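What follows is the residue order along each chain.
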Amino acid sequence: MNIHSLLKKKFGYNSFRPGQEEVIQSVISGHDTVAMLPTGTGKSLCYQLPGYYLKGTVLIVSPLLSLMQDQVEQLKIKGEKQVVAYNSFLSVSERKAVLDKLHRYRFVFISPEMLKNERVLERLKRISISLFVVDEAHCISQWGYDFRPDYLNLGNVRQLLGKPTTLALTATATKKVREDIIQLLHLDQPKEWIFSVDRPNIYIHVEHVSDMQEKEVRLLHLVQQLQKPGIIYFSSKRLADEMAKKMRQAGLNKVASYHAGLDQDERILIQQQFLYQQLEIICATSAFGMGINKENVRFVIHYHVPAQMESYVQEIGRAGRDGNKSIAILLYMEGDEHLHYGLMEQELPTDAQIDTFFYELYRLKKWPEETMLTEIQQSLQLSDVQLRFLLHYAEPLKQRPAQKVQVEEITQQIKNDRDVRRQERVRKIQEMKQWVASFTCRREGILSYFDERLDHCPLNCCDQCGTNVDFYYQTKSEIKDESKEQWEDILSQLFYR
DNA sequence: CGTTCGTCCATTAATGGACGAACGGTGCCTTAAT
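Residues numbered from 1 in each chain as written. Chains lettered and ligands numbered in written order. Predicted model: local features only at pLDDT ≥ 70, side-chain atom pairs only at ≥ 80, totals over all residues. Heavy atoms only, no water.

Novice: Account for the overall build of chain A, with residues named and values stated.
Specialist: Helix and strand counts for chain A stand at 20 helices and 13 strands. For chain A, the spread of C-alpha atoms along the principal axes amounts to about 70 × 60 × 55 Å. When each of the 497 residues of chain A is scored for burial, the buried share is 51%. Contacts spanning at least 24 positions in sequence make up 76% of the contacts within chain A whose residues lie at least 6 apart. With the model as given, the accessible surface of chain A reaches about 24,500 Å², and the carbon-plus-sulfur share is 50%. Side-chain charges in chain A split into 64 positive and 65 negative, and the spacing between the mean points of these groups amounts to 6 Å. (Helix = DSSP H or I, 4+ residues; strand = E, 2+ residues; numbered from the N terminus. Buried < 20%, exposed > 50% of the residue type's maximum accessible area, 1.4 Å probe, protein only. Contact = heavy atoms within 4.5 Å. Areas by Shrake-Rupley, 256 points an atom, 1.4 Å probe, with all protein chains shown as cover. Lys, Arg positive; Asp, Glu negative; His and termini not counted. Charge placed at Lys NZ, Arg CZ, Asp CG, Glu CD.)

In structure tokens, the structure reads:
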């Protein structure tokens, strides 16, 4: 069966969306492929369809458990039974059962962390993998170097699995990030399918405020006036909570905050309520977004400037998936970016921490027990992220005890890598700040960051090219509808209690 | 780097200011002991 009839038969579509066919052709002909497709263009089809065309199992590396669960569910709805997410949600016996019949699955979703498990790797080696997929592949570059080092190991995993055809999927990657992906995954002369990151229906607005109070007033004004639903991004969980509370006090009742401090259950509930219009405004941290497929988000406000352009583009890209006019507003106060310098420092280990940590390993003459390791962590006041950063480099010392020369080499390497990483992150923060402070077209600025050129500005482009935020305010009739709805809510609550 | 929180001390006795420390986003995976 050819891919067009598969598309019709398995997915019920008559034609491909832009980019899909090229990417699918590329992977089924056995080429390693890097695909950058805009959000909402159906990236998952790019590996789902080949799953039916090719013989064997498609292995999908996914950054988030919730994303995996989501995709498993979607495939099940389409009638696919041979699909599983192998992760910590499964009980010990379930895991064993899955591993025992791994070859029977058509789609297996897995996290990068799980792929360092020896037993899992052993089993994966024995089955035939038709396609190795890295979903949200920019995570390799964005998270791999510090936050989730197991992303850096995917290249080795790929090698161990006999270099299956590989597909790296993302919506936002600069040329440098794509090179990073190719190098770290050890891709072999990959084909690249790159589509624009531009979203012409999103008006981009940067607004400068002089102090915190003004920022708060502006935010409350905007959320009352703008067409909803919308998302507000914060770089602080506390502020996200506080502002959500203030909005509720101001009479907006469909508001919630969302961040990693919430339980899994609460997070799922809020996502669902937002999806089904029971919530209109989410005060969120960067935890909110990946895998949220809501079409009609009308605004995205940034209360804090993101740490890099990639994050900004991902976050504003959650607006206007339906193609209708939407707005992105960044509220900027001089010095906002400093928060990110602080966050960065607490993620990277200091010289003293590095030296002492490896001195301890050397002194012990063998790999420390779990309890010993926690002791070292506590005495050096290492955060979990810092510890993992160090452990990633300490990996070779697990096999045989540390030699002095080797330890010196490793510590030097870590300090080096850390400094490179710090410099890179500082550069990204500065680039973001420059964009905020610039007096040229915002869209052009974003596109040039992604090595693209802007042919012509859309009608409502950005604050530099002109139009007015008011244009995105809800009309009087919409406000009336809203209050009527609230009345209905109140009445139904009264009656059905 | 800027904000917030806790502690200390000085006063006409329960506030207030000064000062320093801590905090500030992201997510996998925990095979232990009740």
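Novice: I'd like a rundown of the protein's contact with DNA strand B, residues and numbers included.
Specialist: Neighbouring DNA strand B are 30 residues; Leu65, Ser236, Lys237, Thr285 and Glu347 lie closest to it. Here the atoms of DNA strand B within 4 Å of the protein split so that 58% fall in sugar or phosphate, with bases taking the remainder. At 2.8 Å, a backbone N or O of Ser235 approaches a sugar or linking oxygen of DNA strand B. Here Ser236 contributes a side-chain N or O atom positioned 3.0 Å from a phosphate oxygen of DNA strand B. Those elements that provide at least two residues to the surface near DNA strand B are helix H11 (237-249) and helix H14 (338-347). In terms of residues, the surface near DNA strand B owes the most to one element, H14, which gives six residues. Tallied by class, residues from the surface near DNA strand B come to 10 nonpolar, 11 polar and nine charged. (Near = heavy atom within 4 Å. Polar contact = N/O pair within 3.5 Å; in protein donor to acceptor, adjacent residues only side chain to side chain. Nonpolar A, V, L, I, M, F, W, Y, C, P; charged D, E, K, R; others polar.)

Novice: Could you give an account of the nonpolar core, with specific residues and numbers?
Specialist: If you look at the biggest cluster of nonpolar residues, it comprises 79 residues, and the most contacted ones within it are Leu124, Phe288, Met309, Tyr312 and Trp435. With residues near it in sequence (within four places) discarded, Phe288 still touches Ile231, Tyr233, Tyr258, Gln271, Phe274, Ile282 and Arg318. (Core = buried A, V, L, I, M, F, W, Y, C linked by side-chain atoms within 4.5 Å.)

Novice: For the environment of Tyr52, give the residues involved together with the corresponding values.
Specialist: Turning to its location among the elements, Tyr52 is positioned in helix H3 (residues 45-53). Side chain to side chain, Tyr52 and Glu80 meet in a polar contact 2.5 Å long.

Novice: Tell me about the packing of helix H1 (residues 3-11) against H3, and please be specific about residues and values.
Specialist: Where H1 meets H3, the closest approach of the two axes is 10 Å, and the angle between their N-to-C directions is 105 degrees. With respect to H3, the axis of H1 lies roughly perpendicular. Where H1 approaches H3, its residues Ile3, Leu6, Leu7, Lys10 and Phe11 are matched on the opposing element by Leu45, Gln48, Leu49, Tyr52 and Tyr53. When the residues that make up the contact of H1 with H3 are grouped by side-chain class, the tally is eight nonpolar, one polar and one charged. (Axes fitted to C-alpha atoms, helices over the stretch in contact; angles between N-to-C directions. Parallel < 35°, antiparallel > 145°, perpendicular 65-115°, else oblique.)

Novice: Lay out the pattern of salt bridges with the relevant residues and their values.
Specialist: Counting across every chain of the model gives 31 salt bridges. Note that Lys398 and Glu395 form a salt bridge whose closest N and O atoms lie 3.8 Å from each other. Here Asp419 and Arg418 are joined by a salt bridge, their closest N and O atoms 3.2 Å apart. When its relative accessible area of 33% is taken as the criterion, Asp419 is described as partly exposed. Connected through salt bridges with shared partners, the residues Asp146, Lys176, Glu347, Arg421, Glu424 and Arg425 form a single ionic network. (Salt bridge = Lys/Arg side-chain N within 4 Å of Asp/Glu carboxyl O.)

So, to be careful, I would describe these as geometric facts and stop short of saying anything about function.
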